[in-house]
Amino acid sequence: MKLVTTTKTKLITRPISISFKKFSHNEIETIASIESESSEFPWSINQLFESILNLNNLCYAVSVKSQIVGYVIAMPAADSADILNITIHKDFKRKGYGSSLIDYLTKELISKGIKTIFLEVRRGNFAAISLYSSLGFAEISVRKNYYTKNSNQLSRREDGIIMCLELST
Ligand SMILES: CC(C)(COP(=O)(O)OP(=O)(O)OC[C@H]1O[C@@H](n2cnc3c(N)ncnc32)[C@H](O)[C@@H]1OP(=O)(O)O)[C@@H](O)C(=O)NCCC(=O)NCCS
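Just so we're clear, the structure is a prediction, and the values are computed from it rather than from any experiment. (Residues numbered from 1 in each chain as written. Predicted model: local features only at pLDDT ≥ 70, side-chain atom pairs only at ≥ 80, totals over all residues. Heavy atoms only, no water.)

## Some words on the overall build of the protein
Then comes step 1: Scanning the protein from N- to C-terminus turns up 4 helices and 9 strands.
Then comes step 2: Scanning the protein from its N terminus toward the C terminus, one meets helices and strands in the order β-β-β-α-α-β-β-β-α-β-α-β-β.
Then comes step 3: Counting every position in the protein, which comprises 169 residues, the buried fraction comes to 43%.
Then comes step 4: Considering only intrachain contacts with a sequence separation of at least 6, the fraction spanning at least 24 residues in the protein is 59%.
Then comes step 5: With the model as given, the accessible surface of the protein reaches about 9400 Å², and the carbon-plus-sulfur share is 51%. (Helix = DSSP H or I, 4+ residues; strand = E, 2+ residues; numbered from the N terminus. Buried < 20%, exposed > 50% of the residue type's maximum accessible area, 1.4 Å probe, protein only. Contact = heavy atoms within 4.5 Å. Areas by Shrake-Rupley, 256 points an atom, 1.4 Å probe, with all protein chains shown as cover.)

So, in structure tokens, the structure goes:
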């Protein structure tokens, strides 16, 4: 059996066993392990810890049968919010969990009066850019050569793409 929800632009089909919850520093080991195994440029455990300990930030995990398979951290400020990080466990990618998590976050943000979501993504992160585009995010600006890449890559720098989603209430 499947649940179907809608965002502005796309139908999202997700397994019925999926659930969402706030997470805290108590889950830091699970979160850090997903981050290190599943992201090409993982945050350090200290970066994760600092973001989670900041009580202003919104930290949501998506679970399948009670197992955390991904998370998102967002920072609201006035009537906008920045997505700071989103990662789905490598074994659970391309199954709709990333979309579902952003869909959940979006509803939470709307309920808190947030009108716009911003995020920044590496130009080479095709999976993430495809995900955001599929949910209606649009590119609004470029930070030229903002990121460093891995030392074995030909070019050492990479652009940051700033994307934005206007939320309708
Ligand atoms: C980016 C990320 C969060 C996507 O999560 P996900 O659960 O795999 O995404 P979904 O299954 O919800 O994908 C939704 C849509 O996004 C697009 N998409 C996702 N991954 C893609 C990929 N590898 N290639 C092309 N399109 C992709 C597709 O349009 C997909 O819809 P479809 O499967 O029906 O074609 C995941 O790849 C990830 O954790 N990456 C590492 C961390 C990271 O880069 N985070 C972003 C930091 S800015």
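## What about the packing of aromatic side chains?
Then comes step 1: Scanning the entire structure with this criterion turns up 6 aromatic pairs.
Then comes step 2: Among the aromatic residues, ring-to-ring pairing joins Phe20, Tyr60 and Tyr104 into one connected group.
Then comes step 3: In this structure, Arg122 is placed above the aromatic ring of Phe41, and the distance from its NZ or CZ to the ring centre is 3.5 Å. (Phe/Tyr/Trp six-rings, centres within 6.5 Å; stacked < 30°, edge-to-face > 60°. Lys NZ or Arg CZ within 6 Å of the ring centre and 35° of its normal.)

## Quick word on the pattern of salt bridges
Then comes step 1: This model, assessed by the stated rule, comprises 8 salt bridges.
Then comes step 2: Here Glu27 ties to Lys21 by a salt bridge, and the two come within 2.9 Å at their closest N and O atoms.
Then comes step 3: Its relative accessible area of 18% is what places Glu27 among the buried residues.
Then comes step 4: Among the charged side chains, a salt-bridge network with shared partners connects Glu37, Lys90 and Asp91. (Salt bridge = Lys/Arg side-chain N within 4 Å of Asp/Glu carboxyl O.)

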